[in-house]
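# Structure assessment
The chain contents come next:
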Amino acid sequence: MTKPGEAKLSHLFQPGRIGKFEVKNRIKYGACCVSNYNGRDGTITPRELARVRVIAGTGCGLITNQGAYPDALGEGKSYFRQIAIHDDKFLPQFEMIARYIHDAGAMAMQQILHAGRYGGIDLGYCVQPSVVPQTLPHFRPPRELTKEQIKVVIAQHADAAKRAIRAGFDATEVTSFMGYLLANFNSRFTNQRTDEYGGSVENRGRFMRELIDAIKQATPDNPLSIRLNGAELMDRWGGNTQEESFELMQQAADCGVDMISVTVGWQEAPESSFGRDVEPGYWNFLSEKAKKMFPNVLVAFGNRLPDPAMANACVKDGVFDYWEVCRPLLADPELIHKAAEDRMEEVRPCIGSLNCLSRLFRDLPYTCTMNPMLGHEVEPEYHVTEATEKKRIMIIGAGPAGMEAAITARKRGHSVTVFDKADKIGGALGAYAANDLARPADLQSVIDYYGVMAKKLGVEVRLNTEANAKFMRSVLHEYDVCIVAAGSRTDMAVFQYLEGSELLVDALEVAHGRTKVGKRVVMIGGGMIGLTISEFLAKAGHEVTVIEQEKRIGGDIMPTFKWRHTAWVDELGIQTVTLAHLTKVSKEGATVKTTKGEEKFIPCDSVIVSSPRKANHDLFYEFQWMVDELHGGGDATVPRGLDAAIHEGYRLGVRI
Amino acid sequence: MTTATDQTFGEIASWQSMLDRHRELFLDMVQGSRIGFVSREASGILPGKHLDGVKVASEVPMLAWQLENGGMSARIERFAGMSSTKVDLLLVADEEALETMRSELGGDTLTVIKRLIRRGRMMFFVFKNKAQLQDAGYEDFLDSLGLAFLGACR
């Protein structure tokens, strides 16, 4: 029977066909980089297998398993715990993965990832078509592949494809995304060869054509997908133009690939391709162009396209054949099922924080800001199970930590009441969202999600209720458990003996819109809160100077988004003074002192304080003799951010 | 080779003054740390033609910053291609960037360089990996140019 969402999104949920394989819908689970959950030698771990079971159950018609490197030496290995497919000893785990995917009724595709310029993580060098030095310090010095080595690499790919098919996969995929070996050969930037593999687009595409041919010969009955850049975003380095990128796609199509997955950007690209500052749907024109150029080849696409309704429209309008989705499914593995059941308001949204990638590039397993379970599927302690003893839980604070704890505990059968002194849920996140220059809707969607889930699950939310000792006495013995998730506050007490401290303004009051500031503003604190409010004010026409005690601004910002803030600071003309602290405030301005002992007067109308922050943990002391169990979570224990708040809230919810 | 004035980079004394003004950025750097600047046009390191830079036909001037005696010194050396140039970081400036740098030497030159990088007027290559650069004390300098934040899947 057709589900209501399937009827609404009928184009997305229509069956498809890839080669001889029927696919139940038009949704392709993208390989999503790698998880870093595996062994250093490329072996697949129980942690990974547990994760893949979840991926298999996402409801996608086609599931691409994460990229495996194809060579024993590890020249193609880019990530610390990337899986390998160069030997039959890895077969049993690949067989299990293929089986999980098939058991879920999906088509199984294995990606082969030779990272080229970004590879050789254990070797101290990487291989490329030409010796083009690195532009990012993350990567290793290059060595040029000889013609003989090129043949070997191609054979390794074909061998890996054959092995994947032997393991039970239906199809394979070779990826050039984002600047891997295939891209290195294709690109004018990294391919400077003078032999038949370099020079013209025709020559640069030779490696790809030979690769396709070798894999097709090795696995003639199985479809091959190839991931190619629609745009490299490497113009400044002399990378391929869009025309050249599509010419290379044409070559792939002519060679008989079954699917082209259109991608955007290299890791070295100076602009964002799928971060939170990119509007959803921004890159769709690239897949639309590919689909028009190659009507007989299946086109998959998903860069910065998190919305099933938009994907449905794209399939309907011929923008692409398959919605390639990954990160939204990290945030909520139930996304497709919820879309099919028309329960999109219950989807835990991907907010594009790129926490996942921030961690990968620090050789850590990827996690998700929004999904605390990600990467812990193998651990029973992380699963939401019915509570043995049902408890009455009160939660102080309706921010992300409190709301996450509330809905998780409620799912386990506890009775949950959330108290907050504000007139709406969301805590400081609401204020932060209101000032966010990237895309406020993303952060607001987190609050909306908690509102929907609290209502659906029957979490009682009592707003405009301040929790203090008097209040606690009024509800004494009504609750078994109290979770203090009251967030943090600006520690104004630090400035209490400062001359003119009465003139200071609390950043949170400004963020909430409760306090207006003058034209010229000094912001004390160049962390996430200080910068976000400063950027908002600067965009609104204020002249802003940020004072930071540390050497650098943005110290608490997610690495993959820090660059955005520093760029905004520059673009908006925000002045920064680092290694300095506030010494005096007057109606005329602020005086700061640097670590070198230099004093500086900055004329301004308002001085806002965003740092330091102090955990609102006072209630712990007040409540410790008033309730059976007392816990704390999120900023109320240590001021940090959204990721820690949600994860701690969840861990409390599954534990109590 | 050191010259007082170079046609490409201007007054070396002005560069030295600029480096002295920003000496705190180099405090953590280890002795011998080196940063080079070359002209994109002169070196032949043009977009899509980097090999010409690797195998540069004739030697061209390179502005080298080298950490010695506790401070960063500016000098003009010869650039004979990437493979033979012993620098940790190479910045390749086009004509517009060079002109802008020359005219801004008395001001906030590092911010100017950061903007030139962002605008694509100046390319950069790294010859040490992240850990090596961190160990060599490059963090503050890379940060001042915005380089530490660039790249890696945004």
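Residues numbered from 1 in each chain as written. Chains lettered and ligands numbered in written order. Predicted model: local features only at pLDDT ≥ 70, side-chain atom pairs only at ≥ 80, totals over all residues.

## A word on the overall build of chain B
Using the following cut-off: Put simply, DSSP marks the helices as runs of H or I at least four residues long and the strands as runs of E at least two long, and each gets a number from the N terminus on. Comment: burial labels come from other C-beta atoms within 10 Å of the residue's own C-beta, placed from the backbone, where a count of 20 or more is buried, 12 or fewer is exposed, and between is partly exposed.
Across its full length, chain B carries 7 helices and 7 strands. The order of α-helices and β-strands along chain B, N terminus first, is β-β-α-β-α-α-β-β-β-α-α-β-α-α. With 154 residues in all, chain B has 47% of them scored as buried.

## Quick notes on the overall build of chain A
Just so we agree on the cut-off: The reference for a compact globule is 2.2 Å times residues^0.38; the radius of gyration itself is calculated from the C-alpha atoms. Throughout, a pair of residues is in contact if the C-beta atoms placed from their backbones lie within 7 Å.
If you tally the helices and strands in chain A, you get 22 helices and 28 strands. Taken over C-alpha atoms, the radius of gyration comes to 27 Å for chain A, in line with the 26 Å a tight globule of 656 residues would show. Projected onto the principal axes, the alpha-carbon positions of chain A cover approximately 75 × 60 × 45 Å. Expressed as a percentage of the 656 residues in chain A, the buried residues total 59%. Considering only contacts in chain A between residues 6 or more positions apart, those separated by 24 or more positions represent 71%.

## A closer look at the sheet that holds strand β22 (residues 575–578) of chain A
Residues and elements named next belong to chain A. To be explicit about the condition: Think of it this way: DSSP has to see at least two bridges between two strands before they count as a pair. All axes here are fitted lines through C-alpha atoms, helices being fitted over the stretch that makes contact, and every angle between N-to-C directions spans 0 to 180 degrees.
As summarised here, the arrangement of the 5 strands in space is β19-β26-β20-β21-β22, forming an open sheet in which the pairing is parallel. Each of the sheet's edge strands pairs with one partner strand only, and the pair in question is β19 (504–506) and β22. Averaged over all adjacent pairs, the angle separating strand axes in this sheet is 25°, with direction ignored. Across 4 bridges, strand β20 (residues 520–524) lies against strand β26 (residues 606–609) in parallel orientation. Residue pairing in the sheet places V522 in a bridge with V607 of β26. Each of β20, β21 (543–548) and β26 is contacted by helix α19 (residues 528–539), which is oriented at about 165° to β21, the strand it contacts most.

## Some words on unusual backbone geometry
Residue and element names in this part refer to chain A. The omega torsion of the bond from F177 to M178 falls at -5°, within 30 degrees of zero and hence cis. Positive phi, normally seen in glycine, also occurs at D342, with a value near 55°. Structurally, D342 can be placed in the loop between α12 (335–340) and α13 (355–360).

## Comments concerning the sheet that holds strand β25 (residues 599–603) of chain A
Residues and elements named next belong to chain A. The 3 strands are arranged β23-β24-β25 in an open sheet whose pairing can be described as antiparallel. Lying at the two open borders of the sheet, with one neighbouring strand each, are β23 (580–585) and β25. Within the sheet, the average angular offset between the axes of one strand and its neighbour, ignoring direction, is 30°. When strand β24 (residues 589–594) meets β25, the two strands line up antiparallel, connected through 5 bridges. If you follow T591 over to β25, its bridge partner there is F601.

## Description of the domain arrangement of chain A
Residues and elements named next belong to chain A. Convention followed: The split into domains, and so the bounds of each, comes from an automatic or database assignment of domains. Here the nonpolar group is Ala, Val, Leu, Ile, Met, Phe, Trp, Tyr, Cys and Pro; Asp, Glu, Lys and Arg are the charged ones; every other residue, Gly included, is treated as polar.
Examined at the domain level, chain A breaks down into domain 1 (4–360), domain 2 (384–487 + 616–655) and domain 3 (490–613). Computed over C-alpha atoms only, the centres of domain 1 and domain 3 are separated by 43 Å. The partner domain 3 presents 5 residues to the 7 residues of domain 1 that form the contact. Across the side of domain 1 that touches domain 3, the residue classes break down as 2 nonpolar, 4 polar and 1 charged.

## Comments concerning α19 of chain A
Residues and elements named next belong to chain A. Heads up, the rule is: One fewer than the residue count of a helix, multiplied by 1.5 Å, yields its expected span.
Taking 1.5 Å per residue as the helical rise, α19 with its 12 residues ought to reach 16 Å, and the 16 Å between its terminal C-alpha atoms agrees with that figure. Most of α19 is tucked away, with 11 of its 12 residues classed as buried. Turning to α19, its buried residues number three or more, namely M528, I529, G530, L531, T532, I533, S534, E535, F536, L537 and A538. Of the residues flanking the end of α19, it is G541, one or two places downstream, whose phi is positive at about 105°.

## Focus on the pairing of strand β4 (residues 62–69) of chain A
Residue and element names in this part refer to chain A. Extensive coverage of β4 is indicated by the burial of 8 of its 8 residues. Note: strand β3 (residues 27–29) against β4, 2 bridges, orientation parallel. The partner of Y29 across the bridge, within β4, is I63. Sheet analysis places β4 next to strand β6 (residues 107–112), joined by 5 bridges and oriented parallel. From the neighbouring strand, A68 faces β6, where its bridge partner is I112. In this structure, β4 lies alongside strand β5 (residues 83–84), joined through 2 bridges in parallel fashion. The residue bridging A68 from the neighbouring strand is I83, located in β5.

## Remarks on the nonpolar core
Taken as a class, soluble globular proteins show a tendency for nonpolar side chains to be buried jointly. The cut-off we apply is this: Any set of buried Ala, Val, Leu, Ile, Met, Phe, Trp, Tyr and Cys residues joined through C-beta atoms within 7 Å is what this text calls a nonpolar core.
Counting 255 residues, the largest nonpolar core has I260, I396 and I608 of chain A as the members making the most contacts within it. Setting aside anything within four residues of it in sequence, one finds I608 of chain A in contact with V505, A507, V510, V517, V521, M523, I524 and I533 of chain A.

## Some details on the environment of R359 of chain A
All names here are of chain A. Note on placement: R359 falls in helix α13. Since 19 C-beta atoms lie within 10 Å of it, R359 is described here as partly exposed. The spacing of R359 and P559 is 200 residues in sequence and 8.8 Å in space, taken between C-alpha atoms. The contact partners of R359, leaving out residues within four places of it in the chain, are L364, P365, Y366 and T367.

## With respect to the packing of helix α2 (residues 46–56) of chain A against helix α3 (residues 91–103) of chain A
Residues and elements named next belong to chain A. We count it as follows: If an angle is under 35 degrees, it is roughly parallel; if it is over 145, roughly antiparallel; if it lies from 65 to 115, roughly perpendicular; otherwise it is oblique. Note: crossing handedness is left-handed where the near helix turns anticlockwise from the far helix by less than a right angle, and right-handed where it turns clockwise.
Axis separation between α2 and α3 bottoms out at 8 Å; the angle between their running directions is 25°. It follows that α2 is roughly parallel to α3 by the angle criterion. In the packing of α2 onto α3, the handedness of the crossing is right-handed. Contact with α2, carried on its side by L49, V52, R53 and A56, involves Q93, M96, I97, Y100, I101 and D103 of α3 and no other residues of that element. Of the residues in the contact of α2 with α3, the class split is 7 nonpolar, 1 polar and 2 charged.

## Description of the packing of helix α15 (residues 428–435) of chain A against helix α16 (residues 440–457) of chain A
Residue and element names in this part refer to chain A. Contact pair α15 / α16: the axes reach a minimum separation of 8 Å and the direction vectors enclose 160°. Taken together, α15 and α16 sit at an angle that is classed as roughly antiparallel. The handedness of the crossing between α15 and α16 is left-handed. Only P440, L443, Q444, V446 and I447 of α16 make contact with α15, whose side of the interface consists of L429, G430, Y432, A433 and A434. When grouped by side-chain class, the residues that make up the contact of α15 with α16 number 8 nonpolar, 2 polar and no charged.

## Quick look at the pairing of β22 of chain A
Residue and element names in this part refer to chain A. Spelled out, the test is: When the strands point away from the viewer and the path from the first strand over the helix to the second turns clockwise, the crossover is right-handed.
Where β21 lies against β22, 4 bridges are found, and the strand directions are parallel. Pairing of V546 across the sheet is with T576, part of β22. Of the crossover connections in this fold, the one passing from β21 over helix α20 (residues 559–571) to the parallel β22 is right-handed.

## Describing helix α22 (residues 642–655) of chain A
Residue and element names in this part refer to chain A. Helix length check: α22 (14 residues) gives 20 Å between terminal C-alpha atoms against 20 Å at 1.5 Å per residue, within 8%. Taken across its 14 residues, α22 has 10 buried, putting it largely inside the fold. Where α22 is concerned, the buried positions are L642, A645, I646, H647, E648, G649, Y650, L652, G653 and V654. Packing partners of the buried residues in α22 comprise α14 (400–411), α15, β17 (481–484) and β28 (629–632).

## Topic: the environment of D213 of chain A
Residues and elements named next belong to chain A. Within the secondary structure layout, D213 lies in helix α7 (residues 206–218). You can call D213 partly exposed: it has 14 C-beta atoms within 10 Å. The spacing of D213 and C255 is 42 residues in sequence and 7.1 Å in space, taken between C-alpha atoms.

## Details of the environment of F127 of chain B
Examined against the element boundaries, F127 of chain B turns out to sit in the loop between β7 (122–126) and α6 (130–135). Separated by 26 residues in sequence, F127 of chain B and M101 of chain B have C-alpha atoms that sit 23 Å apart. Excluding its chain neighbours within four sequence positions, the residues that come into contact with F127 of chain B are P133 of chain A together with V87, D88 and L89 of chain B.

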